[in-house]
Amino acid sequence: MVLAVGLCATGPALAEDEKRIETGYNSYGYPGMIDMPVATSRPDGELAFSVSYFAEQLRNTMTFQILPRLSGSFRYSVLDEVVSGDPVNNKLFDRSFSLHFRFADETEFRPALAVGLNDFLGTGVYSSEYLVATKTLGDSVRVTGGIGWGRLGGVGGFTNPLGILDKRFETRPARDFQQGGDVEAAQFFRGDAAFFGGIEWQATKKLKLTAEYSSDDHPEEDPLAFERETQLNFGATYKIGPMTDLSLRYLYGSEIGVQITTAVNPKNRPDHGGRDPAPPPVLLRAAQSDAALSWSGSIEAQTDLRDRLAAALQDQGMRLHGFSIAGRSARVEIENTVYHQEAQAIGRTARVLSRLMPTQVDGFEITLVDVGLPVTELHIARDDMERLAHDVDGSVESFVRTRIFSPDGPSRPLAGRYPDFQWDLTPYLSPSYFDPDNPVRADLGAQLELTYQPRPGLEFSGILRQKAVGNLDEATRKSDSVLPRVRSEFTIYDREGENLALMQLTAAQYFKPGRDLYGRVTAGYMERMFGGISGELLWKRNDSPFALGIEANYVKQRDFDQRFGFRDYEVATGHASAYWDMGNGFHAQLDAGRYLAGDWGGTFTLDREFGNGWRIGAFATLTDVPFDTFGEGSFDKGIRLTVPLAWLIGEPNKRDFSTTIRPVQRDGGARLDVPGRLYDRVRPLQKPALRDGWGRFWR
């Protein structure tokens, strides 16, 4: 009845900030009450981590609000005393995914409506689907009702109403609970259905009380882990911090449960806010110094101006790569060393130029350079800088008036810019996930990075690591792979490479064979497991959201100690790649080719990138390796997470921490990790990325 009335009702949607009751995360880590889902959503972009414990079940969940209406969850659970667990101790280590989609907003008369899939890409222990409606009553009460299938259709079940459409909906096919990783779409919304529901009361600003009727029959846990006395659950949630909740529950008439959830939103800065140094103000030509007004253009004057310009740019976080004045234009080449948004580096460069350039200079030609290659050239009129510096619409107007294109000639570096040697000593953190003996392991140590550039485009680089503390070497599980063991023996690399490991030692030549073509040839020890030679070509127009690339590699497997030796295995591998900047921070990539184990297939990757450098994404690889041959997990897949250091410390910095969370590390679909791939170097410096970040041009 609630659903029928809701579908027919109309009215203005209620904004999330008009609702006093905050959407919580249930024990499975997705938007819900206690065990059951709700139809509302969390704020767009939020990344939440929850840990819940109940009846010998420990659930660890990461949930990302991918879009305002869509969230995705990855869950790692440890279940003691379950039917499908290990025959000896009934224990099961389970990985599962969930999706929650709100397809209708709440209005004055209609509830919010959502649909969801649980454990659709795992072993199937938590496999279920649901359709749910949620309505807010007054300022502090919210009611939810829904219908579930699979695990959520186990109590009070009745014949599937979707059987009206097709009789096959009335029967749910059996599933193999052991292998995991296979999408059992034939199960979706099939079999018996059951109702669930609940009510939430926001008692105070920090305390929320919940009661729900659960339709979950816990087929894997009951009666081994606990016995259900009732389907009623009761809970209290207390906000112990701005983004952290603690929940205490009484479940199924027999068990106590506890959960803690904390969240971050990449769209919001931490409490300390930004501490960017103030940019220099634009200086009108009418206020120029006598030296600028009387500039002679002599060699001595140009040298003095170049030195003052280099020093001023260095103070703003840029390195001067090239400089010249021709006629009424000043041309500079810059390397952005600290700002995540290249637009911010451009804006600060233009400000510095307005202060130092002679009065006869009417325009600034700013070229963004990476490893000595000119990627993007911008022409900015000096009058526009002076006119728009304090304009309300200055960002929009300045972008419209700026000419942006790919330069077709080589860079023109300053005398003395090359050769260049840089080094950096930093701490490193190397995590490992999902070993059943210890689900989270990590090493912490020191990392030395060395870079030498003898001329534009040629770069020698190396990375050395020395472990200080950690337990990666304690992993003892052996690979059972029937494929060439290109990745699955990672525990041996962790164990034997803990003392001064050579992570990378390469020579790379970057070049531009055409205006929109970029090339790279790399040789050496490219990653800790493989070394060899790699070549890449990328076509990327400056104003286009699309790019195409091709990469070919011939590599040999390195010794476990990660020094200079090699093992017997060698392979030719490579991919053709298509890239699409979809807008709104979303980036898609499709790679097709041959992988390290000799298998052929493709990888699809979808990332969401935020303006401050956060990046969250997922990938999946399917190759000609059969699921049974691949082993546990069926195919390679995972989640990628990048956290910028600048977001944490509040100061400009281009460093970040990146990690890949794979449910299982196997050998099928394994791709070579080559440093300096072209797309990630070129794209941030081109027009679409500059447009997205132009709001920081005046910052």
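Residues numbered from 1 in each chain as written. Predicted model: local features only at pLDDT ≥ 70, side-chain atom pairs only at ≥ 80, totals over all residues. Heavy atoms only, no water.

Chemist: Could you give an account of the overall build of the chain, naming the residues involved and the relevant values?
Modeler: Check the secondary structure of the chain and you find eleven helices and 30 strands. At 29 Å, the chain has a C-alpha radius of gyration in line with the 27 Å of a compact globule built from 699 residues. Referenced to the eigenvectors of the C-alpha coordinate spread, the extents of the chain come out at roughly 90 × 65 × 45 Å. Taken over 699 residues, the chain has a buried fraction of 52%. Sequence-distant contacts, at least 24 apart, represent 59% of the contacts inside the chain between residues at least 6 apart. Per element, the accessible surface of the chain, about 30200 Å² overall, is 58% carbon and sulfur. Within the chain, one finds 78 positive and 94 negative side-chain charges whose respective centroids are separated by 5 Å. (Helix = DSSP H or I, 4+ residues; strand = E, 2+ residues; numbered from the N terminus. Rg over C-alpha atoms; globule rule 2.2 N^0.38 Å. Buried < 20%, exposed > 50% of the residue type's maximum accessible area, 1.4 Å probe, protein only. Contact = heavy atoms within 4.5 Å. Areas by Shrake-Rupley, 256 points an atom, 1.4 Å probe, with all protein chains shown as cover. Lys, Arg positive; Asp, Glu negative; His and termini not counted. Charge placed at Lys NZ, Arg CZ, Asp CG, Glu CD.)

Chemist: Before we move on, can you summarise the pairing of strand β26 (residues 586–594) with the specific residues and values?
Modeler: Relative to β26, strand β25 (residues 566–583) runs antiparallel, the two being bridged by nine bridges. Bridging across to β26, Asp581 finds its partner in His587. What sits between β25 and β26 in their antiparallel hairpin is a turn of two residues, with Asn584 showing a positive phi close to 55 degrees. Across nine bridges, β26 lies against strand β27 (residues 600–609) in antiparallel orientation. Bridge pairing in β27 places Arg594 opposite Trp600. Hairpin connection between β26 and β27: a loop of five residues separates the two successive antiparallel strands, and Gly598 in this loop has a positive phi of roughly 85 degrees. (Pairing = 2+ DSSP bridges.)

Chemist: Which residues make up the sheet that holds strand β13 (residues 318–326), and what are the values?
Modeler: Spatial strand order, β13-β14-β15-β16-β17: five strands in an open sheet with mixed pairing. Each having just a single partner strand, β13 and β17 (403–405) make up the two edges of the open sheet. Strand after strand, the sheet turns through a mean of 20 degrees between neighbouring axes, direction not considered. Sheet topology note: the strand β15 (residues 363–370)/strand β16 (residues 373–381) ladder contains eight bridges and is antiparallel. In the strand pairing of β16, Asp370 is matched with Leu373. (Axes fitted to C-alpha atoms, helices over the stretch in contact; angles between N-to-C directions.)

Chemist: Any details on the packing of aromatic side chains? Residues and values, ideally.
Modeler: Per the stated rule, a full pass over the model turns up 24 aromatic pairs. Just above the ring of Tyr28 sits the side chain of Arg59; from NZ or CZ to the centre is 3.8 Å. Geometry around Phe635 places Lys637 over its ring, the cationic atom sitting 4.3 Å from the centre. (Phe/Tyr/Trp six-rings, centres within 6.5 Å; stacked < 30°, edge-to-face > 60°. Lys NZ or Arg CZ within 6 Å of the ring centre and 35° of its normal.)

Chemist: Which residues make up the confidence of the model for the chain, and what values do they have?
Modeler: Scored by pLDDT, the chain comes out at a mean of 91, with 94% of its residues at no less than 70. Between residues 1–12, whose pLDDT stays under 50, and residues either more than four places distant or in other chains, the model counts 17 contacts. (pLDDT = per-residue confidence, 0-100.)

Chemist: Explain the sheet that holds strand β5 (residues 112–118) residue by residue, including any values.
Modeler: A barrel is described by the order of its strands in space; here twelve strands give the closed sequence β1-β2-β3-β4-β5-β6-β7-β8-β9-β10-β11-β12, paired in antiparallel fashion. Neighbour-to-neighbour, the strand axes of the sheet open up by a mean angle of 20 degrees, direction not taken into account. Bridge count between strand β10 (residues 232–241) and strand β11 (residues 244–251): eight bridges; the pairing is antiparallel. Within the sheet, the bridge partner assigned to Lys239 lies in β11 and is Asp245.

Chemist: Go over unusual backbone geometry, please, and point to the residues and values.
Modeler: Here the residue pair Tyr418 and Pro419 is connected by a cis peptide bond, since its omega of 0 degrees sits within 30 degrees of zero. With respect to the element layout, Pro419 can be found in the loop between β17 and β18 (420–435). One non-glycine residue, Phe189, adopts positive backbone phi at about 60 degrees. Following the sequence through the fold, Phe189 ends up in the loop between β7 (141–150) and β8 (193–202). Residue Asn584 is not a glycine yet carries a positive backbone phi of 55 degrees. One can find Asn584 in the loop between β25 and β26.

Chemist: Got a sec to walk through the pattern of salt bridges? Specific residues and values, please.
Modeler: Opposite charge on two side chains makes pairing possible when the charged atoms of those side chains draw close. For the structure shown, the criterion picks out 60 salt bridges. Residues Glu200 and Lys208 are paired through a salt bridge, measuring 3.3 Å at the closest nitrogen-oxygen approach. Among the residues examined, Glu200 registers a relative accessible area of 1% and is labelled buried. Among the ionic pairs, Arg308 bridges to Asp304, the shortest N-O distance being 3.2 Å. (Salt bridge = Lys/Arg side-chain N within 4 Å of Asp/Glu carboxyl O.)

Chemist: So what about the pairing of β7? Which residues, and what values?
Modeler: Where strand β6 (residues 128–137) and β7 come together, ten bridges link them in antiparallel fashion. By the bridge assignment, Tyr130 is partnered in β7 with Gly148. The antiparallel hairpin formed by β6 and β7 contains three residues in its connecting segment, where Gly138 sits at a positive phi of about 70 degrees. In this structure, β7 lies alongside β8, joined through nine bridges in antiparallel fashion. Note on β8: the bridge partner recorded for Thr144 is Gly198.

Chemist: Hey, could you go over the side chain of Ser432 for me, with residue numbers and the actual values?
Modeler: Along the chain, the position of Ser432 falls in strand β18. For Ser432, a relative accessible area of 16% translates into the label buried. Beyond its immediate stretch of four places on either side in the chain, Ser432 contacts Pro439, Val440, Arg441, Leu472 and Phe490.

Chemist: Go over the nonpolar core with me, naming the residues and quoting the values.
Modeler: It is characteristic of soluble globular proteins that their nonpolar side chains tend to be buried jointly. Counting 49 residues, the largest nonpolar core has Leu309, Phe323, Ile346, Met357, Phe364 and Ile366 as the members making the most contacts within it. The greatest single-element share of this core, amounting to seven residues, is contributed by helix α4 (residues 342–356). Among all residues touching Phe323, those that are not within four sequence positions of it are Gln302, Leu305, Arg306, Leu309, Arg331, Val332, Met357 and Leu414. Counting residues in each nonpolar core, the second largest holds 25 residues, with Phe120, Phe434, Leu641 and Val643 among its members. (Core = buried A, V, L, I, M, F, W, Y, C linked by side-chain atoms within 4.5 Å.)

Chemist: Residue-level account of the environment of Glu46, with values.
Modeler: Tracing the backbone through its elements, the reader meets Glu46 in the loop between α1 (2–8) and β1 (47–54). Among residues more than four places away in sequence, those in contact with Glu46 are Tyr25, Thr63, Phe64, Gln65, Met243, Ala263, Val264 and Asn265.

Chemist: Can you explain the packing of helix α3 (residues 299–315) against α4? Please cite residues and give values.
Modeler: Viewed as axis vectors pointing N to C, α3 and α4 meet at an angle of 145 degrees, and their least axial separation amounts to 10 Å. The hand of the α3/α4 crossing is right-handed. Two secondary-structure elements touch here, α3 through Leu305, Arg308, Leu309, Ala312 and Leu313 and α4 through Thr349, Val352, Leu353 and Leu356. The class makeup of the residues in the contact of α3 with α4 is seven nonpolar, one polar and one charged. (Left-handed = near helix turned anticlockwise from the far one by under 90°. Nonpolar A, V, L, I, M, F, W, Y, C, P; charged D, E, K, R; others polar.)

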